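Listed here are the chains, written in short residue letters.
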Amino acid sequence: MSKGTAESPSLGFAHRKTLRVATKGTYESVSYQKFKLVMEEGPEANNEFLMEKDRIKVGSAPDNDLVIEHDTVSRYHFVIEATEAGHRIRDLDSTNGVEMDGCWVMDALLHPRARLRLGDVVLLFQPLRERVEVPLSSNTAYGSMLGQSVRMRALFSMVERVAPHDTTLLISGETGTGKGLLAEEIHRTSLRCDKPFMVVDCTTIPHNLMESELFGHVQGAFTGALCTRPGAFQEAEGGTIFFDEIGELPPPMQTKLLRALESREIKPVGSPESTKVDVRILAATNRNLQVEIEAKHFREDLFFRLNVVELRIPPLRERHEDIPQLARAFLQDFTGGKERRFAEGAMRLLLRHDWPGNVRELRNVIERVSSLVDDPVIQKDSLLVTSASGIDGRFSGKSIGHPRGNLPIQSAKELFEKEYLIDLLCRHDYNVTAAARTAGVHRQSLHRLLRKHDIQASAKPANPQRVIHDIGSVQEAQAK
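Within the chain one finds 15 helices and 24 strands. Residues counted as buried form 51% of the 480 residues belonging to the chain. A separation of at least 24 residues holds for 63% of the contacts in the chain among residues at least 6 apart in sequence. When the accessible surface of the chain is summed, it comes to about 22000 Å², and 48% of that surface belongs to carbon and sulfur atoms.

In structure tokens, the structure reads:
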């Protein structure tokens, strides 16, 4: 996020697609529209904020894309994301809610010059003509990392470009998204693949042993040092070191790690001499390191040294269209060669869950049900009985902010319509023509309904000629 003064479009510009996929020869890319938020009332009145990402969060917490420090603004107040139909705003269960042009909204499409009130703060939404273009990979997997969504294909495109080089990479994402797996695949496809891959788990090594674990020690360096022992840097010589959860590294070690990265030398504990090392650095974190920097918990210079290229893995709730691919792959892994599949109801159940534990949670659910149920077709009831994840077949309420019983009738109708459409697509294996025939509507009418609810129209790899509405935070990849 940065301040900007780009020229805003006319109202007629609202009819242009906010998010679209295009193909030129063998090159496929997704592009989305930039916008700005003008603060009309609030702590930074008259300031303009240029938004260059496809998905931004607004609130008072320091890790938002637009931080508004005001008593009437919730920590995470709302999110705006680019969709096929336009920019979409969703309330994040904020205390004071969101008004658009005087009407309370929980989930709505923004129009040019929409006036947004959150508590005592007023923002003006202005889409811009300028677009951000991001390349997409033609692959729906990167090694054992799976994903056919636009978000994952954008990530794969970036990884395919940087993996062969010695670029230092920072992998960010929530717990369970597969940061360690991605690091392994990057090493496997790098020029260092025949050399060691060393993992340093910063959450499990005692602080008093961290220096020895990284740099090694000589005999007699401290009590218990009965022999000389190499550290992770020496053991990974010529290969890759992966620092898992780098945000947990204690401050004194951050300074020593920075010195080692800059000089490419390490000094074992108790040794008077330094040793040259040749390693590639990968790091991962589930924390927002910029917030940790502001709190004085993480060194800013170390962050910049690690963040040469950032690879963000989106959470599973932001790429539900990847769930069938992942679930079927996990089931195949756990079946031991048996032919097994999910019933339509079981797959619908998986699609409706929010997966707070991300891909790891999904894998655990599939492993559990495949171990406890011998039926060749896994039914919905089997998932309900064996799951320990609270899967109950309902939307979590996060998407709309309220449980069904507290909804106005119009919102309840909208929710039912969305659930019906998801069920309809699943029953017909995402064949829109067949689904429209069952629903008794024209194919184009069904497409309009899918666009209305931001439902992915295909569970298969995207048709390059079709507009895709669901993309993750790929602006970081484009910027690199």
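Picking up where we left off.
Note: most residues except glycine have negative phi, and most peptide bonds are trans. Although it is not a glycine, N46 adopts a positive phi angle of roughly 80°. Checked against the element boundaries, N46 lands in the loop between β3 (27–41) and β4 (48–51). A residue is classified by how much of its surface remains accessible, and N46, at 68% relative accessible area, is exposed. A positive phi angle, near 70°, is found at R113, a position not held by glycine. If you trace the backbone, R113 turns up in the loop between β11 (107–109) and β12 (114–118).

This part covers the confidence of the model for the chain. Looking at the chain, the pLDDT average stands at 82 and 82% of residues meet or exceed 70. Note on residues 393–404: pLDDT is under 50 here. Beyond four places in sequence and across chains, it has 21 contacts. Throughout residues 459–480 the model reports pLDDT below 50, and contacts reaching past four residues in sequence, or to other chains, amount to 72 contacts.

Once that is clear, we can look at the environment of V385. Tracing the backbone through its elements, the reader meets V385 in helix α11 (residues 380–386). Taking the relative accessible area as the measure of exposure, V385 reaches 69% and is therefore exposed. Through-space distance from the C-alpha of V385 to that of L372 is 9.9 Å; in sequence the pair is 13 residues apart.

Another point: the nonpolar core. Residues F342, L350, L362, I366, L383 and L446 are the most contacted members of the largest nonpolar core, which totals 34 residues. Contributing elements (two or more residues each) for this core: α8 (323–334), α9 (344–352), α10 (358–372), α12 (409–427), α13 (432–439) and α14 (443–452). I366 has contacts with A327, F330, L331, F334, F342 and L350, leaving out every residue within four places of it along the chain. Judged by nonpolar contacts, the second largest core, of 30 residues, contains L170, F243, A283 and F298.

On any regular strand, side chains alternate: one points to one face of the sheet, the next to the other face. The buried count for strand β13 (residues 121–135) comes to 11 of 15 residues, which makes it a mostly enclosed element. With 5 bridges connecting them, β12 and β13 associate as antiparallel partners. In the strand pairing of β13, A114 is matched with F125. Remark: 2 residues form the turn of the hairpin made by β12 and β13, two consecutive strands paired antiparallel; G119 in that turn has positive phi of roughly 65°.

Definitions and limits used
Here the residue numbering is sequential within each chain, running from 1 through the sequence in written order. Per-residue local features are limited, in this predicted model, to residues with pLDDT of at least 70; the limit for side-chain atom pairs, both in listing and counting, is 80 or more; totals at the level of whole chains, interfaces and linings are taken over all residues. Only heavy atoms go into the side-chain values, all of them from the structure, while hydrogens and water stay out. By the criteria applied, helices consist of DSSP H or I runs no shorter than four residues and strands consist of E runs no shorter than two, each listed in order from the N terminus. Under the scheme applied here, a residue whose accessible area is under 20% of the maximum for its type counts as buried, over 50% as exposed, and between as partly exposed, the area being computed with a 1.4 Å probe on protein chains only. Note on definitions: a residue-residue contact is assigned when non-hydrogen atoms from the two residues lie within 4.5 Å. Shrake-Rupley sampling with a 1.4 Å probe provides the accessible areas, and residues are treated as covered by the protein chains on show and by no other component. Confidence per residue, as judged by the predictor, is encoded in pLDDT with a range of 0 to 100. Residues grouped as a nonpolar core are buried Ala, Val, Leu, Ile, Met, Phe, Trp, Tyr and Cys residues, joined through side-chain atoms within 4.5 Å. Strand pairing follows a simple DSSP-based rule, namely that at least 2 bridges must link the two strands.

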